[in-house]
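Structural features, examined
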Amino acid sequence: MVRRHVAVIGAGIVGAACAVELLRDGHQVTILEPGNPGGEQAASYGNGAWLSPSSVVPPSMPGLWRKVPGFLADPLGPLAIRWSYLPRLAPWLARFVRAGSRVARVEATARALRPLVSDAPERHRALAAEAGVPELIERRGLLYIFPTRADFEREALAWRLRRDNGVQWLELDADELRQQEPELDRRYTFGVLVQAGGNCTDPGAYVAALVQHAVGQGAALVRAGATGFRVQAGRLQAVQTAVGEIACDGAVISAGARSRALARAVGDRVPLETERGYHAVIAAPGISPRHPMMPSDGKMAVTMTHGGLRVAGQVELAGLDAAPDWRRAEILRDFALRTFPGLPRDLPANRVKVWMGHRPSTPDALPVIGPARGCADVIHAFGHGHVGLAAGPVTGRLVADLLGGLQPVIDPAPYAASRFR
Ligand SMILES: Cc1cc2nc3c(=O)[nH]c(=O)nc-3n(C[C@H](O)[C@H](O)[C@H](O)COP(=O)(O)OP(=O)(O)OC[C@H]3O[C@@H](n4cnc5c(N)ncnc54)[C@H](O)[C@@H]3O)c2cc1C
């Protein structure tokens, strides 16, 4: 097995998991992160906290193209496109729509997503225990809620993709749903419980704990961003940063939505966009739902976290630099109020914390994991879109296998950057 000095670029969940797995194999590790590991700049901080084996359904599904005019017309819809960003977005958007245009394509995507998420709760449990924070991972199942059974049936293709990929669930009628979730609004009369699902109670603290664990195992943490690579005769010599070069013979690009320029610097043009998302966290909500939930009429994750009731979701295609549109977080808060009548009606602003973050998204909903075209010592590990929290641990294992020359834990072929050439 090859042992290297590996620079891990970015300390969200993906970089943190890569660092832990690389250390496990005896590599020397330097983590480069300009922000706080797991801090608010990272998508890994503010996500819905779902560790979902059922996340095999890509966001682009057959018939989506018909909805694009609506996405442009309604700036506050669950998926919105900013007009001003459309010229830059158009090539990615065309690929995104095409990725979901045929059933056979979304079936292939679901098959490729499956190994990334199928055992996510178990992998997170093991990692969290190793890092000394087992209490941050829960396994209570994940509950999808619908106004009626007919609403569930309208999502037949999505649920078939899940079933075909080994996801099992329990269907709950109105009474059973009421017993499971007595605080839920009565407009929901049908539920689907994926018992194998899990959740994290504080994703930011979890990532920070993994990085602290990595440092405890000998990793160096350098508070700087990577700017490029020095490669000679196809071999990596160093990663360049604002504070000078880090000499190394391996690197991982795990800078989330900001990975595109780094990938380009080692020969791969990846159409990486950001699907911006939001959350609202209601502190001391005075209710205690038993499961994380996803209302079909809101398409948002509602999860109890250490900070309070977190409502996370929305997709806004507006690029990395545009200012947040906080009305979107208010939509999430208001939806929570409609979903749980027991929430206090007169929430003062200081009880609701809002956040916006950047999902790192490829048009085909699959991450980019594997060696860079211009230098095989550099491994891509970004583009996990909607499933990055769940898929972080197996990505970390796969990256360590690839850099160490080991038999890969899962087949990396579907995630190669070469699919975009
Ligand atoms: C609203 C919302 C809800 C979501 N819900 C879920 C969910 O329930 N379950 C799930 O599995 N996924 C969910 N996701 C997706 C998930 O959060 C992301 O896929 C995942 O966090 C991506 O992790 P990452 O480590 O690749 O990137 P990030 O967490 O964004 O981390 C990247 C890190 O790289 C650093 N960085 C950037 N540039 C550089 C550089 N040049 N050099 C060094 N470091 C750099 C950044 O500072 C950052 O800390 C959600 C996302 C959002 C926005």
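Structure: see above.
About the criteria used
- Residues numbered from 1 in each chain as written.
- Predicted model: local features only at pLDDT ≥ 70, side-chain atom pairs only at ≥ 80, totals over all residues.
- Heavy atoms only, no water.
- Buried < 20%, exposed > 50% of the residue type's maximum accessible area, 1.4 Å probe, protein only.
- Helix = DSSP H or I, 4+ residues; strand = E, 2+ residues; numbered from the N terminus.
- Pairing = 2+ DSSP bridges.
- Polar contact = N/O pair within 3.5 Å; in protein donor to acceptor, adjacent residues only side chain to side chain.
- Contact = heavy atoms within 4.5 Å.
- Phe/Tyr/Trp six-rings, centres within 6.5 Å; stacked < 30°, edge-to-face > 60°.
- Lys NZ or Arg CZ within 6 Å of the ring centre and 35° of its normal.
- Near = heavy atom within 4 Å.
- Core = buried A, V, L, I, M, F, W, Y, C linked by side-chain atoms within 4.5 Å.
- Axes fitted to C-alpha atoms, helices over the stretch in contact; angles between N-to-C directions.

Observations regarding the pairing of strand S8 (residues 190-194)
Of all five residues in S8, five are buried; the element is thus mostly enclosed. Neither face of S8 is open: one carries Phe190, Val192 and Val194, the other Gly191 and Leu193, and all of them are buried. Summarising the sheet, strand S6 (residues 142-146) and S8 pair through five bridges and their orientation is antiparallel. Residue pairing across strands places Phe146 opposite Phe190, the latter belonging to S8.

Section: the side chain of His384
With respect to the element layout, His384 can be found in the loop between strand S21 (378-382) and helix H13 (388-404). You can call His384 buried: its relative accessible area is 4%. Here Thr395 takes part through its side chain, which lies 2.9 Å from a polar atom of the side chain of His384. Discounting chain neighbours no more than four positions away, the residues touching His384 are Val14, Pro360, Pro367, Ile369, Ala391 and Thr395.

Some words on the packing of aromatic side chains
The relation between two aromatic rings is expressed through the spacing of the ring centres and the mutual angle of the planes. Scanning the entire structure with this criterion turns up 10 aromatic pairs. Here a set of aromatic residues connected by ring pairs shows up, and it is made of Trp50, Tyr144, Phe146, Phe152, Trp159, Trp169 and Phe190. Against the face of Trp159 rests Arg162, its NZ or CZ located 4.2 Å from the ring centre. Directly above the aromatic system of Phe335 lies the positively charged group of Arg187, at a separation of 5.5 Å from the ring centroid.

Section: the site of the ligand
Lining the immediate surroundings of the ligand are 37 residues, of which Glu33, Ser44, Ala226, Gly385 and Ala390 lie closest. One nitrogen or oxygen atom from the side chain of Glu33 is found 2.6 Å from an oxygen atom belonging to the ligand. Backbone polar atom of Ala43 to an oxygen atom of the ligand: 3.0 Å apart, as the coordinates give it.

Quick notes on the environment of Ala301
On the secondary structure map, Ala301 appears in strand S17 (residues 300-305). Residue classification places Ala301 among the buried residues on the basis of a relative accessible area of 7%. The contacts of Ala301, once residues within four sequence positions are left out, are Gly48, Trp50, Met293, Met294, Arg310, Val311 and Ala312.

So, the pairing of strand S13 (residues 244-247)
Regular strands have side chains that alternate between both faces of the sheet. As paired strands, strand S12 (residues 235-241) and S13 are joined by four bridges and run antiparallel to one another. Bridge pairing in S13 links Ala238 to Ala247.

Considerations on the side chain of Ser52
Assignment of secondary structure puts Ser52 in the loop between strand S3 (50-51) and helix H3 (68-73). You can call Ser52 buried: its relative accessible area is 1%. Of note is the side chain of Ser52, whose polar atom sits 2.8 Å from the side chain of Ser54.

A word on the nonpolar core
Grouped together as the largest cluster of nonpolar side chains are 57 residues, with contacts concentrated most on Leu22, Val29, Ile31, Leu116, Tyr206, Val252 and Val399. Sorting elements by how many residues they give to this core places helix H1 (residues 13-24) first, with nine residues. Not counting the four nearest positions on each side in its chain, Tyr206 is found in contact with Ile13, His124, Leu127, Ala128, Val133, Leu136, Ile137 and Cys200. Membership of the second largest hydrophobic core comes to 26 residues, among which are Leu184, Tyr188, Ala329 and Val352.

Concerning the environment of Pro360
Here Pro360 is to be found in strand S19 (residues 352-361). Those residues in contact with Pro360 that lie beyond four places of it in its chain are Gly256, Ala257, Leu272, Glu273, Gly383, His384 and Gly385.

What about the sheet that holds strand S5 (residues 137-138)?
Spatially, three strands are ordered S3-S9-S5 in an open sheet, and the strand pairing comes out antiparallel. With partners counted over all chains shown, the strands left at the sheet margins are S3 and S5, one partner each. For S5 and strand S9 (residues 198-200), the ladder comprises two bridges, and the chain directions are antiparallel. Within S9, the position partnered with Glu138 by the bridge is Asn199.

Overview of the sheet that holds S12
In space, the three strands of this open sheet follow the order S11-S12-S13, with antiparallel pairing throughout. Looking along the sheet, the strands with just one partner apiece sit at the ends: strand S11 (226-232) and S13. With direction set aside, neighbouring strand axes in the sheet form an average angle of 30 degrees.

Details of unusual backbone geometry
Comment: phi is negative for the bulk of residues other than glycine, and the bulk of peptide bonds are trans. Even without being glycine, Lys299 reaches a positive phi, approximately 50 degrees. One can find Lys299 in the loop between strand S16 (293-295) and S17. Residue Lys299 is classed as partly exposed on the basis of its relative accessible area of 45%. Look at Ala365: it is not a glycine, yet its phi comes out positive at around 70 degrees. You can see Ala365 is positioned in the loop between S19 and strand S20 (368-371). Residue Ala365 is classed as buried on the basis of its relative accessible area of 17%.

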